[in-house]
Amino acid sequence: MELRFLGCGDAFGSGGRFNTCFLVRAARASFLIDCGASSMIAMRKFEIDPNEIDCVLLSHLHGDHFGGLPFFLLDAQLASRRSKPLVIAGPPTTERRLLDTMECLFPRSSKIDWRFDLRIVEMAAGTSWHDGPVSVTPYLVRHQCGAPPFALRIACDGKTIAYSGDTEWTDSLIDAARDADLFICEAYFHDKKVKFHLDLETVLEHLDEIRPKRLVLTHLSPDMLGRADVGANVGVDVGADVDWTVAEDGMVLTV
Ligand SMILES: [Zn+2]
């Protein structure tokens, strides 16, 4: 299974990075983890055909994590002329929030008679959901976005990818990411504690409880991007046998 970071930035374009969007290519499915506002631009830049994507999994309903969907859907209808089904799975209220956003950005677009089968699924925290070979378990985290925010534990091709979403520390991250083959975790700050976001110091403090096989940091603030010790995209030994890396847009990992 291959994971490609199409966007690993924060909401504000820090470091010139695109909003959150990770593409996973598995044996029998391609799916996105989040689809932030800039995701269509990122897909064009990295020459990804949007029609290859079977499913979009959403961690939470902030614009830098789901705001690319109106553009994705309009492209599918008008430009890419999609014919295969698309599933969008997110937290409760995803359908209403998505249609409201579409109507605001492109009036009447929420009423389109889609040329492909579009299914919007609202997942419940703690309840696993399957789409073909992809199994997702959402865990409730702490972030303010008008709907329950999730960390996602995704199983496919016998491997596990966990994604923290945006959150301050909560023990549910341990359940979401325990022993994962890959844990993509927000590290917005280095050591500064703020509500609703994570810092690297806190993540490392809990790493022995999570013990992912590989940790990749995402959603970095200008403060984090400016630090020489995390700016270089190199593995660092943190004493827990964990391969520790900073995400870059365009980076490809084999899981
Ligand atoms: Zn957020």
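Scoring rules and cut-offs
- Residues numbered from 1 in each chain as written.
- Predicted model: local features only at pLDDT ≥ 70, side-chain atom pairs only at ≥ 80, totals over all residues.
- Helix = DSSP H or I, 4+ residues; strand = E, 2+ residues; numbered from the N terminus.
- Rg over C-alpha atoms; globule rule 2.2 N^0.38 Å.
- Buried ≥ 20, exposed ≤ 12 C-beta atoms within 10 Å, placed from the backbone.
- Contact = placed C-beta atoms within 7 Å.
- Pairing = 2+ DSSP bridges.
- Axes fitted to C-alpha atoms, helices over the stretch in contact; angles between N-to-C directions.
- Core = buried A, V, L, I, M, F, W, Y, C linked by C-beta atoms within 7 Å.

Asker: Where do I start with the overall build of the protein in this structure?
Answerer: Check the secondary structure of the protein and you find 9 helices and 14 strands. Taking 18 Å as the expected radius of gyration for a compact globule of 255 residues, we find that the protein reaches 17 Å, a close match to that expectation. Once the C-alpha set of the protein is aligned to its principal axes, its extents read approximately 55 × 35 × 35 Å. Counting over 255 residues, the protein shows a buried share of 45%. Of the contacts made within the protein by residues no fewer than 6 positions apart, 63% connect residues no fewer than 24 positions apart.

Asker: I'm lost on unusual backbone geometry in this one. Help?
Answerer: What is expected of a backbone is that most residues other than glycine have negative phi and most peptide bonds are trans. Even without being a glycine, arginine 81 presents a positive backbone phi close to 50°. Among the structural elements, arginine 81 can be located in the loop between helix 3 (69-79) and strand 5 (86-90). Positive phi is not limited to glycine here, since aspartate 179 has a value of about 60°. Assignment of secondary structure puts aspartate 179 in the loop between helix 5 (172-177) and strand 11 (182-186).

Asker: Would you mind showing me how to read the pairing of strand 2 (residues 21-25) here?
Answerer: A regular strand places its side chains on the two faces of the sheet in alternate fashion. Taken across its 5 residues, strand 2 has 4 buried, putting it largely inside the fold. Across 5 bridges, strand 1 (residues 2-7) lies against strand 2 in antiparallel orientation. By the bridge assignment for strand 2, glutamate 2 is matched with arginine 25. As judged from the 4 bridges shared by strand 2 and strand 3 (residues 30-33), these two strands associate in the antiparallel manner. By the bridge assignment for strand 3, arginine 25 is matched with serine 30. A loop of 4 residues connects strand 2 with strand 3, the two strands running antiparallel in sequence.

Asker: Help me out: how do you make sense of the sheet that holds strand 14 (residues 252-254) in this one?
Answerer: The strands that make up a sheet pair up through hydrogen bonds in the backbone, lying either parallel or antiparallel. Strand order in this open sheet of 7 strands is 6-5-4-3-2-1-14, and the pairing throughout is mixed. Lying at the two open borders of the sheet, with one neighbouring strand each, are strand 6 (118-122) and strand 14. Between one strand and the next, the sheet's axes are offset by a mean angle of 20°, whatever the strand orientation. Judged from the 5 bridges that link them, strand 5 and strand 6 form a sheet pairing that is parallel. Note that in strand 6 the partner of isoleucine 88 across the bridge is isoleucine 120.

Asker: What's the story with the nonpolar core in this structure? I'm lost.
Answerer: It is characteristic of soluble globular proteins that their nonpolar side chains tend to be buried jointly. Of all hydrophobic cores here, the largest spans 72 residues; its most connected members are Phe22, Leu32, Val56 and Leu57. Leave out the neighbours within four places in its chain, and leucine 32 touches Cys21, Phe22, Leu23, Ile53, Val56 and Leu57.

Asker: What's the story with helix 3 in this structure? I'm lost.
Answerer: Residues of helix 3 that are buried: Leu69, Pro70, Phe71, Phe72, Leu73 and Ala76. Where helix 3 is buried, its residues contact helix 1 (39-45), strand 4 (55-57), helix 2 (63-66), strand 5 and helix 4 (94-105). Trailing helix 3 by a residue or two, arginine 81 shows a phi angle of about 50°, which is positive.

Asker: What is the right way to read the pairing of strand 11 from this model?
Answerer: Judged by how many residues are buried, strand 11 sits mostly within the fold: 5 of 5 residues are covered. In strand 11, alternate side chains face the same way, and those of Leu182, Ile184 and Glu186 on one face and Phe183 and Cys185 on the other are all buried. Here strand 10 (residues 159-163) pairs with strand 11 via 3 bridges, running parallel. Counted as the bridge partner of tyrosine 163 is isoleucine 184 from strand 11. When strand 11 meets strand 12 (residues 214-218), the two strands line up parallel, connected through 4 bridges. The residue bridging glutamate 186 from the neighbouring strand is threonine 218, located in strand 12.

This is a description of form; function is not addressed.
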